[in-house]
Amino acid sequence: MMSLGTNGYASPAARKMGYDVAEGVDIRGRYDEEFARILTKDALRFVAELQREFRNHVKYAMECRKEAKMRYNAGALPGFDPATRCVREGDWACAAVPPAVADRRVEITGPVERKMIINALNSGAKVFMMHADFEDALSPSWENLMRGQVNLKDAVDGTISFRDQARNRVYKLNNQIAKLFVRPRGWHLPEAHIFIDGEPAIGCLVDFGLYFYHNYAAFCRNQGAGFGPFFYLPKMEHSREARIWNNVFDKAEKMAGIENGSIRATVLIETLPAVFQMDEILYELRDHSVGLNCGRWDYIFSYVKTFQAHPDRLLPDRVQVGMTQHFMRSYSDLLIRTCHRRGVHAMGGMAAQIPIRDDPAANEVALELVKKDKLREVRAGHDGTWAAHPGLIPAIMEVFNSNMGNAPNQIQTMKREDAATLTEEDLLQRPRGVRTMEGLRLNTRVGIQYVAAWLTGTGSVPLYNLMEDAATAEISRVQNWQWLKYGVVLDGDGLGVKVSLDLFGRVVEEEMARIEREIGREKFNKGMYKEASKIFTRQCTTPMLDDFLTLDAYNNIVIHHPKGSSRL
Ligand SMILES: CC(=O)SCCNC(=O)CCNC(=O)[C@H](O)C(C)(C)COP(=O)(O)OP(=O)(O)OC[C@H]1O[C@@H](n2cnc3c(N)ncnc32)[C@H](O)[C@@H]1OP(=O)(O)O
Ligand SMILES: O=CC(=O)O
Ligand SMILES: [Mg+2]
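In this text, all values refer to a predicted model and were calculated from it rather than measured experimentally.

Participant: Help me understand the overall build of the protein chain in this model?
Facilitator: Within the protein chain one finds 21 helices and 17 strands. On C-alpha atoms alone, the protein chain measures out to a radius of gyration of 23 Å, which is about the 24 Å that the 2.2 N^0.38 rule sets for 568 residues. In terms of principal-axis extent, the alpha carbons of the protein chain reach across some 70 × 60 × 50 Å. Going through the 568 residues of the protein chain one by one, you find that 59% of them count as buried. When the accessible surface of the protein chain is summed, it comes to about 22,800 Å², and 51% of that surface belongs to carbon and sulfur atoms.

Below is the structure:
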């Protein structure tokens, strides 16, 4: 048994032995005293119990995803499930929204980095939430994940601080801070630094389990029993996956001895199959739900992925697939109607624009685009939305305030019964627009730079004045793959060039040269652009589309200790 000093840290002798793990648990990530505060024997036992109870359910759910993919690849279209019609038509409601999160008109999102967490919690707005991300915005290296857990624990305890040496500035929490939501990874990602009974842990159960174990008591203390912790749940494709989460929550509440329904989660509807399962997902989570969110970027990615074998449903250039496309508008409208019918929040999504510091005119244009997007959301009936950057909060808040007034949300006032008539055809309607050479170039330039950042530990980056994260990079990847696969003719610019392996090879070469020019040779050589280009090119040209960019790239960031990196 590892001995702990009075400060809670392991003694030097114990440190040599590594983490004090529960039975069946093997930690292969680097030892660090800070991480040992999180990777305690009891917390690991809890994670292992979750894994043991739910691993077969997760495996089954992943098999079902494969089976659905085969059906779509054979020509089937996703649609409403006749077997669950009674759930869609039934008259039921989710548990009442807890007062602590009734008003969530602006939620700032960001990776679980220390300074970002403090800045986000302090963002200064009257009512808002912070959504701390282990998912789209985080490169899931061992260091990022474990530091993220340490940061969140310190944030929940109220002790978090950060010293910026270069600027000699200390960051601390204000008196009034945002409410915290945490987004674990999706069901598909393993955690290769923690093995349980000889197999890699399920990533999201590690994220959830460690965070819950260390923080539920503080939530009870600070928010009152029955209110929190709060979560966002990403990338689900079917209500059976929501049922697993619901069972995980039940088990966690029992273990902690807290009221059933204390844990609350907002599910991102960000896969095409899931749009046909919104009622079913809410039903599964009805005691633990605080709504659904339009994860628009993954949703676009999922549209391409679901229709990978449907050359009649190709997407136009990425920049043209916005929320005003009929299929996107229908998805958002149906989500609002579904949530409000069941008594929970319908959250909007992320506009990709971020402040542009060195160009006031361009900044004004970006801000106007964000405002327009948010105005559309609040008028449609969304109860709140996401901001990617603190600089956007005042403008977004203003749009929501002037349209919602003092009401905490629009659950009762914007029922959107008109959306009840939306059909499968509306939700699947082909997006309109054109495909261009610049679209192919931009996908390539952005995709490679994103992967390069991700490989070096950064999961969200500003590129060409837009926020890019795993979801937006996925669109670039699958769109290139699709255009190559079907030899698409890029005629939106009048050039009429056919996308081929040869053309793509030249585009990669030219865009790599452009990246080098833009960022400078030194940074280019120090970074992982060549590795990123290799990974991105392979993924765009592989005969069978990879399910996730980050699943394949993950092997490059797994580092087992004492030495060496290891493939799963
Ligand atoms: C599709 C989806 O899933 S969307 C959700 C996932 N994506 C995200 O969460 C993206 C979140 N946003 C970000 O990561 C960042 O804003 C970026 C990468 C887009 C831009 O980052 P930067 O270029 O570093 O921003 P910038 O230099 O303007 O930052 C200015 C200040 O704001 C802070 N800041 C910027 N974004 C955030 C944020 N989201 N949360 C908290 N603080 C932030 C910076 O830390 C910096 O603080 P400082 O002045 O104290 O040093
Ligand atoms: O997670 C959000 C998205 O848009 O994807
Ligand atoms: Mg997403």
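Having seen the structure, we can now continue with the description.
Participant: So what exactly am I meant to see when it comes to the coordination of the magnesium ion (ligand 3) here?
Facilitator: Note on metal geometry: ideal angles are 109.5 degrees for four donors arranged tetrahedrally and 90 or 180 degrees for six donors arranged octahedrally. The coordination sphere of the magnesium ion (ligand 3) contains the protein donors Asp 136 (OD), Glu 270 (OE) and Asp 298 (OD), at a distance range of 2.0 to 2.2 Å. Mapped onto the polypeptide sequence, the residues donating to the magnesium ion (ligand 3) form the spacing pattern D-x133-E-x27-D. With a gap of 28 residues between them, Glu 270 in the loop between β10 (264-269) and α9 (272-275) and Asp 298 in helix α11 (residues 296-306) connect regions that are remote in the sequence. In this structure, Glu 270 and Asp 298 share a single accessibility class: buried.

Participant: Explain the pairing of strand β8 (residues 199-202) here, please?
Facilitator: In regular strands, side chains alternate between the two faces of the sheet. Two elements, strand β7 (residues 190-196) and β8, share four bridges in a ladder whose sense is antiparallel. For Glu 191, the partnering residue across the bridge sits in β8 and is Ala 201. Between β7 and β8, which pair antiparallel one after the other, the connecting turn spans two residues, and Asp 197 there sits at a positive phi close to 50 degrees.

Participant: Would you explain the nonpolar core in this entry?
Facilitator: Within soluble globular proteins, side chains that are nonpolar tend to cluster in buried spots. In this structure, Leu 39, Trp 187, Phe 208, Trp 245, Val 248 and Ile 269 are the most contacted members of the largest nonpolar core, which totals 144 residues. Here this core gathers at least three residues from each of two domains, domain 1 (43-428) and domain 2 (437-555). Non-local contacts of Leu 39, meaning those with residues more than four positions away in its chain, are made with Tyr 19, Asp 20, Ile 27, Leu 44, Trp 142, Met 146, Ile 194 and Leu 210. By size, the runner-up hydrophobic cluster in this structure holds 38 residues, among which are Ile 448, Leu 455, Val 499 and Ile 557.

Participant: Honestly, the site of ligand 1 in this entry has me stumped. Any pointers?
Facilitator: Contacts to ligand 1 come from 28 residues, most closely from Thr 109, Lys 115, Arg 167, Tyr 171 and Ser 460. One nitrogen or oxygen atom from the main chain of Gly 110 is found 3.3 Å from an oxygen atom belonging to ligand 1. Ser 460 places a polar side-chain atom, nitrogen or oxygen, 2.6 Å from an oxygen atom of ligand 1. Elements supplying a minimum of two residues to the shell around ligand 1: β2 (106-111), α5 (114-121), β5 (169-172) and β14 (461-463). Grouping the constituent residues of the shell around ligand 1 by class yields 15 nonpolar, five polar and eight charged. The two domains that each donate at least three residues to the shell around ligand 1 are domain 1 (43-428) and domain 2 (437-555).

Participant: Is there a simple way to think about empty space enclosed by the protein in this case?
Facilitator: If you roll a probe as big as a water molecule over the atoms, it shows you where there is empty space left. All chains considered together, the criterion is met by two cavities of 30 Å³ or more. Along its surface, the largest cavity is lined by 17 residues, and Glu 135, Asp 136, Leu 189, Ala 470 and Thr 550 are the ones closest to its centre. Sorting the residues of the lining of the largest cavity by element identifies α16 (437-455) and α17 (470-485) as the ones contributing at least two each. Take the lining of the largest cavity: its biggest share by element is three residues, from α17.

Participant: Would you mind showing me how to read the UniProt feature "domain: Malate synthase C-terminal" (unreviewed entry) in the protein chain here?
Facilitator: UniProt records the feature "domain: Malate synthase C-terminal" (unreviewed entry) for residues 435-557 in the present numbering. Here residues 435-557 is 63% helix and 8% strand, with 34 Å between the C-alpha atoms at its ends.

Participant: Explain the confidence of the model for the protein chain here, please?
Facilitator: Detailed reading of the predicted coordinates is not advisable wherever pLDDT falls low. Of all residues in the protein chain, 95% have pLDDT values of 70 or greater, and the mean over the chain is 94. The model gives residues 1-15 a pLDDT under 50, and that stretch makes 21 contacts with residues more than four places away or in other chains. On the interface metric, ipTM, the complex scores 0.99, and its pTM is 0.96.

Participant: Explain the domain arrangement of the protein chain to me, please; I cannot follow it from the model alone.
Facilitator: Frequently, the measure chosen for interface size is the accessible area that the parts lose on association. Segmentation of the protein chain into domains returns domain 1 (43-428) and domain 2 (437-555). When each unit is reduced to the centre of its C-alpha atoms, the spacing between domain 1 and domain 2 is 26 Å. Between domain 1 and domain 2, the residue contacts involve 41 residues of the former and 36 residues of the latter. Of the roughly 3,200 Å² buried where domain 1 meets domain 2, counting both sides, 63% is carbon and sulfur surface. Joining domain 1 to domain 2, the criterion identifies two salt bridges. For Lys 69, the salt bridge goes to Asp 547, with nearest N and O atoms at 2.9 Å. Along the contact surface separating domain 1 from domain 2 lie 16 residue pairs in polar contact (both at pLDDT 80 or more).

Participant: Even after reading the chapter, I still don't get the site of ligand 2, so can you show me in this structure?
Facilitator: Around ligand 2, the neighbouring residues are Asp 136, Arg 183, Leu 268, Glu 270, Gly 295, Arg 296, Trp 297, Asp 298, Trp 386 and Ala 471. Residue Arg 183 places a side-chain N or O atom 2.8 Å away from an oxygen atom belonging to ligand 2. Considering ligand 2 on its own, with 190 Å² of exposed area, one finds that the protein chains cover 97% of that surface. When residues of the shell around ligand 2 are assigned to their parent elements, the largest contribution, three residues, is made by α11. Here the residues of the shell around ligand 2 are counted per class, giving four nonpolar, one polar and five charged.

Definitions and limits used
Residues numbered from 1 in each chain as written. Chains lettered and ligands numbered in written order. Predicted model: local features only at pLDDT ≥ 70, side-chain atom pairs only at ≥ 80, totals over all residues. Heavy atoms only, no water. Helix = DSSP H or I, 4+ residues; strand = E, 2+ residues; numbered from the N terminus. Rg over C-alpha atoms; globule rule 2.2 N^0.38 Å. Buried < 20%, exposed > 50% of the residue type's maximum accessible area, 1.4 Å probe, protein only. Areas by Shrake-Rupley, 256 points an atom, 1.4 Å probe, with all protein chains shown as cover. Donors = N, O, S within 2.8 Å, 3.2 Å for Na, K, Ca; no water. Pairing = 2+ DSSP bridges. Core = buried A, V, L, I, M, F, W, Y, C linked by side-chain atoms within 4.5 Å. Domains from an automatic or database assignment. Contact = heavy atoms within 4.5 Å. Near = heavy atom within 4 Å. Polar contact = N/O pair within 3.5 Å; in protein donor to acceptor, adjacent residues only side chain to side chain. Nonpolar A, V, L, I, M, F, W, Y, C, P; charged D, E, K, R; others polar. 1 Å grid on protein atoms, 1.4 Å probe; cavity = no way out; pocket = protein on both sides within 12 Å on 5 of 7 lines; lining within 4 Å. Points joined across faces, edges and corners; volume = space filled by probe spheres on them. UniProt positions renumbered as here; feature names shortened; annotations may be inferred. pLDDT = per-residue confidence, 0-100. Buried area = accessible area lost by both parts, 1.4 Å probe. Salt bridge = Lys/Arg side-chain N within 4 Å of Asp/Glu carboxyl O.

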